[in-house]
Amino acid sequence: MPWPSRKREKGAGADKKEPDAKVAKTEEETRDKKEEEKSTKPPAGSSKSGWKNWKKTKESDSGGEESKITYCHWLLKSEPESRLEKGVDVKFSIDDLKAQPNQTTFWDGVRNYQARNFLRAMKLGQQAFFYHSNCKEPGIVAIVKIVKEAYPDHTQFDQKDPHYDSTSRKENPKWSMVDVQFVRMTKRFIPLSEIKAHHLAHKEDGGPLKNMMLFMRQRLSIQPLTQEEFDFILSLEEEKPR
């Protein structure tokens, strides 16, 4: 049986390397309530030399045509270090995922409406980055894939679970989860600080990370990625750490 409710939407602190970037697990319920009735679909959406080289490769592949901006990949935040929430340890690292049967688990405990809508938008086979959050050095450690599309999160009905929701009804559950499976480790750890450096550079020169939601909505534990964002970040594993 997978670790109980390890992936958390509330209660986690900000990434320690990014004091102002609080993850979605700390979102206030008042903001959630405003979004409750929304069924919003995901919005459309380092070095400059690194971006230029990546851009040249992409243009040669696509004939220089700009691709339509859609979200088809994801970034999933999880906490690799022990932290008790209502008496339950919410730790869930990439090693914990790899230790699960078939290296697969359900992604439960999301209690933010926008993040829930992103979960519901996930399609079978789509890939996501596994991101260690709320730890000494946050960043991307692995790639996972969606192996089961959204279905009701059973923890919302479990009174012993830290994320029990007494207002949710089984005939119309508020919260959803997906199943994810380990694909592979990234060739190297890609830290938040490195991704942020590229984001800041791309805001100046129009690179693919210029509107990356990791820095626009830092508090969300479920982050959508465009194909261009995913491809660029993945290309960083081939570069030497800065």
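Look up: the structure comes first, before these words.
Residues numbered from 1 in each chain as written. Predicted model: local features only at pLDDT ≥ 70, side-chain atom pairs only at ≥ 80, totals over all residues. Heavy atoms only, no water.

> How do you make sense of the packing of aromatic side chains when you look at a structure like this?
Ring pairs (aromatic) are described by centroid distance and by the angle formed between their planes. Applying the stated rule across the entire model yields four aromatic pairs. Summarising the aromatic geometry, the rings of Trp74 and Phe118 are spaced 6.0 Å apart at their centres and angled 50° between planes, so their arrangement reads as tilted. Residue Trp74 is located in strand S1 (residues 71-78), and its partner Phe118 is located in helix H4 (residues 113-121); the two are separated by 44 residues in the primary sequence. For the pair Trp74 and Phe118, a shared accessibility class is recorded, and that class is buried. Ring centres 4.6 Å apart and planes at 35° place the aromatic pair Tyr113 and Trp175 in the tilted group. Residue Tyr113 is found in helix H4, and its partner Trp175 is found in the loop between strand S6 (139-152) and strand S7 (176-191); the two are separated by 62 residues along the sequence. The exposure class of Trp175 is buried, given its relative accessible area of 4%. (Phe/Tyr/Trp six-rings, centres within 6.5 Å; stacked < 30°, edge-to-face > 60°. Helix = DSSP H or I, 4+ residues; strand = E, 2+ residues; numbered from the N terminus. Buried < 20%, exposed > 50% of the residue type's maximum accessible area, 1.4 Å probe, protein only.)

> Can you walk me through the nonpolar core in this structure?
Here is a general trend for soluble globular proteins: nonpolar side chains tend to be buried in one another's company. Leu76, Trp107, Met122, Phe130 and Ile222 are the most contacted members of the largest nonpolar core, which has 24 residues in total. Among the secondary structure elements, those contributing two or more residues to this core are S1, helix H3 (94-98), H4, strand S5 (127-132), S6 and S7. With four residues, the top contributor of residues to this core is S6. (Core = buried A, V, L, I, M, F, W, Y, C linked by side-chain atoms within 4.5 Å.)

> What exactly am I supposed to notice about the sheet that holds S6 here?
An order of S4-S7-S6-S5-S1-S8 is seen for the six strands of this open sheet, with the pairing classed as mixed. With one partner strand each, in any of the chains shown, strand S4 (104-106) and strand S8 (222-226) form the two edges of the open sheet. Here the average twist between neighbouring strands, direction ignored, is 35°. Here S6 pairs with S7 via ten bridges, running antiparallel. Bridge pairing in S7 links Ile143 to Arg184. Sheet contacts for helix H5 (residues 192-205): S5, S6 and S7; angle to S7, the most-contacted strand, approximately 85°. On the sheet, helix H7 (residues 227-235) packs against S1, S5, S6, S7 and S8 and is oriented at approximately 95° with respect to S8. (Pairing = 2+ DSSP bridges. Axes fitted to C-alpha atoms, helices over the stretch in contact; angles between N-to-C directions. Contact = heavy atoms within 4.5 Å.)

Geometric descriptors of this kind do not, in isolation, establish any biological role.
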